[in-house]
Amino acid sequence: MRIGVTTRNTLTSFDAGAGERPSVCDFPGCGFSCADQSNMARHRQTHLTSRGYKCTFAGCGYAAKQQCTLKSHVLRKVRTRLLDKG
Ligand SMILES: [Zn+2]
Ligand SMILES: [Zn+2]
């Protein structure tokens, strides 16, 4: 058994009191949060551009820019659902 040599702390948590609170996406059911404003803007943009193909599963909220992307998402959902039954 090999134990990693690097003991670097790669935690990227937001420190309380840092003054920089991550902004949270206000899109219903998204919950995406990001401290970087430009990143946030780019994320919001995905909501605007990906309206065309929405997942039909209740409570999913997934939306894809391309139909093939949504298709693979739905297929994966269906497959896990079939495995879950019983
Ligand atoms: Zn969002
Ligand atoms: Zn879905």
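Above this text sits the structure in question.
As a starting point, this report considers the structure included with it. (Residues numbered from 1 in each chain as written. Chains lettered and ligands numbered in written order. Predicted model: local features only at pLDDT ≥ 70, side-chain atom pairs only at ≥ 80, totals over all residues.)

## Focus on the overall build of the protein chain
Part 1 of the argument: Along the protein chain, the regular secondary structure elements total two helices and four strands.
Part 2 of the argument: Once local pairs closer than 6 in sequence are excluded, the contacts in the protein chain between residues at least 24 apart make up 5%. (Helix = DSSP H or I, 4+ residues; strand = E, 2+ residues; numbered from the N terminus. Contact = placed C-beta atoms within 7 Å.)

## Quick look at helix 2 (residues 67–84)
Part 1 of the argument: The end-to-end C-alpha distance of helix 2, which contains 18 residues, comes to 26 Å, matching closely the 26 Å that a straight helix rising 1.5 Å per residue would cover.
Part 2 of the argument: The buried fraction of helix 2 is low, at zero of 18 residues. (Expected span 1.5 Å × (residues − 1). Buried ≥ 20, exposed ≤ 12 C-beta atoms within 10 Å, placed from the backbone.)

## Focus on the environment of A63
Part 1 of the argument: Its place among the elements puts A63 in strand 4 (residues 63–64).
Part 2 of the argument: A C-alpha to C-alpha distance of 9.1 Å links A63 and T46, two positions 17 residues apart in sequence.

## Observations regarding the environment of G29
Part 1 of the argument: Within the fold, G29 resides in the loop between strand 1 (23–24) and strand 2 (33–34).
Part 2 of the argument: A sequence separation of 31 residues divides G29 from C60, and the C-alpha atoms of the two residues are 8.3 Å apart.

## Some thoughts on the environment of G52
Part 1 of the argument: Within the secondary structure, G52 sits in the loop between helix 1 (37–49) and strand 3 (53–54).
Part 2 of the argument: Given 11 C-beta atoms within a 10 Å radius, G52 is considered exposed.
Part 3 of the argument: A C-alpha to C-alpha distance of 8.3 Å links G52 and Q67, two positions 15 residues apart in sequence.

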